[in-house]
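# Observations on the three-dimensional arrangement
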Amino acid sequence: MSDEITHRLSAEGVDPLALAGVNDGNLIELAKRLGVRVSLRGDTLLLQGPLPAVERAAQVAQALVDLARMGETLEVADVDRMVGEEAQGTLGRPAEGEYKIILPGLRRVIQAKSAGQRQYLEAIAQHDIVVGIGPAGTGKTYLAVAAAVDALSRKRVRRIVLARPAVEAGESLGFLPGDVHEKVDPYLRPLYDALEDMMPRDRVQKAIESRIIEIAPLAYMRGRTLSDAFVILDEAQNATGMQMKMFLTRLGVNSRAVITGDKTQIDLTNREDSGLLQVERILPGIEGIAFCYLTETDVVRHRLVRDIIRAYAEDAQG
């Protein structure tokens, strides 16, 4: 066809499988979503089709190549997310070395996969207190833990404190077997999982035994001052207003805090008791505190998670 063009992108230094995906799934998805023909020949990615479609596809393809070049293995969900970002005008090519966390002993790089995540990591780097609000699967906790481990490995802090409110999400703690530690462990397990993804398990265990890393229910923070620490409060929507104030006033010299939460998953009996909703009202505008809002376009779990979140949001609206 006369109005078709061919655009060539260099994919030099990129693992073809990491870029194209299993059975070329990423390239097939890009072609399907943007109406172009896509093929990878050696070190060159070819895009063919109508000019407007190729121009859009070229931006998405370049972002994919940039991520793959950093050692990231891409999935179809990454293509979907970037197509969505391009449509919203938020697709940005991260500069080389930007928004990357390289942890000792880890073979891969941890980095932002969306515009929202880039803003979130940037806020954590630049502010003493960051409040990250968004739905499940947007990487709120995972990226915060990565930033904490990075700060510890660079000796910017001397310890990491990870806390969660042990709210009974539809279950009663009293009926769970075991002592207090065994009862609250299921609530803290996601924090252990994130840590073990960042550090070898034996190193995590040693750090916990030496109290360099502490993982505890929020109630255990009362009466303490946390200095030289990177403190994360996870699932903050289930902290009461009094607990949130207690947590925020624990911060000592050379400490930073990240608070994460999802306003759609408040398990408190009275929703308005949520400390997350309260800080959202009263803390914006204070210098040194940043609020970051992640959305369904930042979801990095299974591609269906984003659609499920959207469906629930639409149902709630009536």
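Preceding block: the structure.
Let us look at the structure shown here. (Residues numbered from 1 in each chain as written. Predicted model: local features only at pLDDT ≥ 70, side-chain atom pairs only at ≥ 80, totals over all residues. Heavy atoms only, no water.)

## Points about the overall build of the chain
- Along the chain, the regular secondary structure elements total 11 helices and 11 strands.
- Evaluated residue by residue, the chain yields a buried proportion of 50% over its 318 residues.
- Looking at the chain alone, contacts between residues at least 24 apart form 70% of all its contacts between residues at least 6 apart.
- With the model as given, the accessible surface of the chain reaches about 16100 Å², and the carbon-plus-sulfur share is 50%. (Helix = DSSP H or I, 4+ residues; strand = E, 2+ residues; numbered from the N terminus. Buried < 20%, exposed > 50% of the residue type's maximum accessible area, 1.4 Å probe, protein only. Contact = heavy atoms within 4.5 Å. Areas by Shrake-Rupley, 256 points an atom, 1.4 Å probe, with all protein chains shown as cover.)

## With respect to the nonpolar core
- Tyr120, Leu195 and Phe230 are the most contacted members of the largest nonpolar core, which has 37 residues in total.
- Looking at this core, the elements that each hand over two or more residues are helix H5 (115-126), helix H6 (140-153), strand S7 (159-164), helix H7 (180-198), helix H8 (201-209), strand S8 (213-217), strand S9 (229-233) and strand S11 (289-293).
- When residues of this core are assigned to their parent elements, the largest contribution, 9 residues, is made by H6.
- Not counting residues up to four positions away in its chain, the partners in contact with leucine 195 are Val145, Val149, Leu162, Val204, Ile213 and Ile215.
- Judged by nonpolar contacts, the second largest core, of 28 residues, contains Val14, Leu30, Ala63 and Leu67. (Core = buried A, V, L, I, M, F, W, Y, C linked by side-chain atoms within 4.5 Å.)

## Overview of the packing of helix H3 (residues 51-69) against helix H4 (residues 76-88)
- Two elements in contact, H3 and H4, have axes whose closest approach is 10 Å; the angle formed by their N-to-C orientations is 130°. When the axis of H3 is compared with that of H4, the two are oblique. At the point where H3 passes H4, the crossing takes the right-handed sense. Contacts between H3 and H4 pair Arg56, Gln59, Val60, Ala63, Leu64 and Leu67 from the former with Val79, Met82, Val83, Glu86 and Ala87 from the latter.
- Within the contact of H3 with H4, the residues separate by chemical class into 8 nonpolar, 1 polar and 2 charged. (Axes fitted to C-alpha atoms, helices over the stretch in contact; angles between N-to-C directions. Parallel < 35°, antiparallel > 145°, perpendicular 65-115°, else oblique. Left-handed = near helix turned anticlockwise from the far one by under 90°. Nonpolar A, V, L, I, M, F, W, Y, C, P; charged D, E, K, R; others polar.)

## Regarding the sheet that holds strand S10 (residues 256-261)
- In space, the 6 strands of this open sheet follow the order S8-S7-S9-S10-S6-S11, with parallel pairing throughout. In the strand order of this sheet, the two ends are held by S8 and S11, each with one partner. Sheet twist, expressed as the average angle between the axes of neighbouring strands with direction ignored, equals 15°.
- Direction of pairing for strand S6 (residues 129-133) relative to S11: parallel, over a ladder of 5 bridges. Pairing of isoleucine 129 across the sheet is with isoleucine 289, part of S11. (Pairing = 2+ DSSP bridges.)

## Some thoughts on the layout of surface pockets
- There is about 390 Å³ of room inside the second largest pocket.
- Counting residues per element, the lining of the second largest pocket draws most heavily on helix H11 (residues 303-316), at 5 residues.
- Looking at side-chain class alone, the lining of the second largest pocket contains 10 nonpolar, 4 polar and 4 charged residues. (1 Å grid on protein atoms, 1.4 Å probe; cavity = no way out; pocket = protein on both sides within 12 Å on 5 of 7 lines; lining within 4 Å. Points joined across faces, edges and corners; volume = space filled by probe spheres on them.)

## Concerning the environment of leucine 152
- Mapped onto the elements, leucine 152 comes out in helix H6.
- Overall, the relative accessible area of 18% leaves leucine 152 in the buried class.
- Separated by 60 residues in the primary sequence, leucine 152 and isoleucine 212 place their C-alpha atoms 9.0 Å from one another.

## Describing the pairing of strand S2 (residues 37-41)
- Note that S2 and strand S3 (residues 44-50) share 5 bridges and pair antiparallel. When the bridges of S3 are listed, arginine 37 appears paired with glutamine 48.
- Count of turn residues in the S2/S3 antiparallel hairpin: 2 residues, of which glycine 42 carries a positive phi of about 65°.

## Notes on the environment of glycine 89
- Of note, glycine 89 is situated in the loop between H4 and strand S4 (100-101).
- Overall, the relative accessible area of 64% leaves glycine 89 in the exposed class.
- For glycine 89 and alanine 115, which are 26 residues apart along the polypeptide, the C-alpha to C-alpha distance reads 10.0 Å.

## Quick notes on a nonpolar patch on the surface
- Together, Leu304, Ile308 and Tyr312 make up an exposed nonpolar region whose accessible area comes to about 350 Å².
- Counting through the fold element by element, isoleucine 308 comes out in helix H11. (Patch = residues over 30% accessible without salt bridge, like charges linked within 9 Å, V, L, I, M, F, W, Y side chains within 5 Å. Salt bridge = Lys/Arg side-chain N within 4 Å of Asp/Glu carboxyl O.)

## So, the pattern of salt bridges
- This model, assessed by the stated rule, comprises 12 salt bridges.
- Salt-bridge contacts for glutamate 29 lead to lysine 32; the nearest nitrogen and oxygen are separated by 3.5 Å. With glutamate 29 and lysine 32 both in helix H2 (residues 25-34) and 3 residues apart, the pair spans about one turn of that helix.
- For glutamate 29, a relative accessible area of 6% corresponds to the buried category.
- Salt bridges sharing partners connect three or more residues here, namely Arg164, Asp234 and Glu235.

## Some details on H4
- For H4, with 13 residues, the first-to-last C-alpha span of 19 Å sits near the 18 Å given by 1.5 Å per residue.
- All buried positions along H4 are accounted for by Ala77, Asp78, Val79, Asp80, Arg81, Met82, Val83, Glu85 and Glu86.
- Immediately beyond the C-terminal end of H4, within one or two residues, lies glycine 89, with a positive phi of roughly 75°. (Expected span 1.5 Å × (residues − 1).)

## Notes on unusual backbone geometry
- If you check the backbone angles, asparagine 23 has positive phi at about 55° while not being a glycine.
- By the element assignment, asparagine 23 lies in the loop between helix H1 (16-20) and H2.
- Positive phi is not limited to glycine here, since arginine 211 has a value of about 65°.
- Mapped onto the elements, arginine 211 comes out in the loop between H8 and S8.

By themselves, these observations are geometric and do not establish any function.
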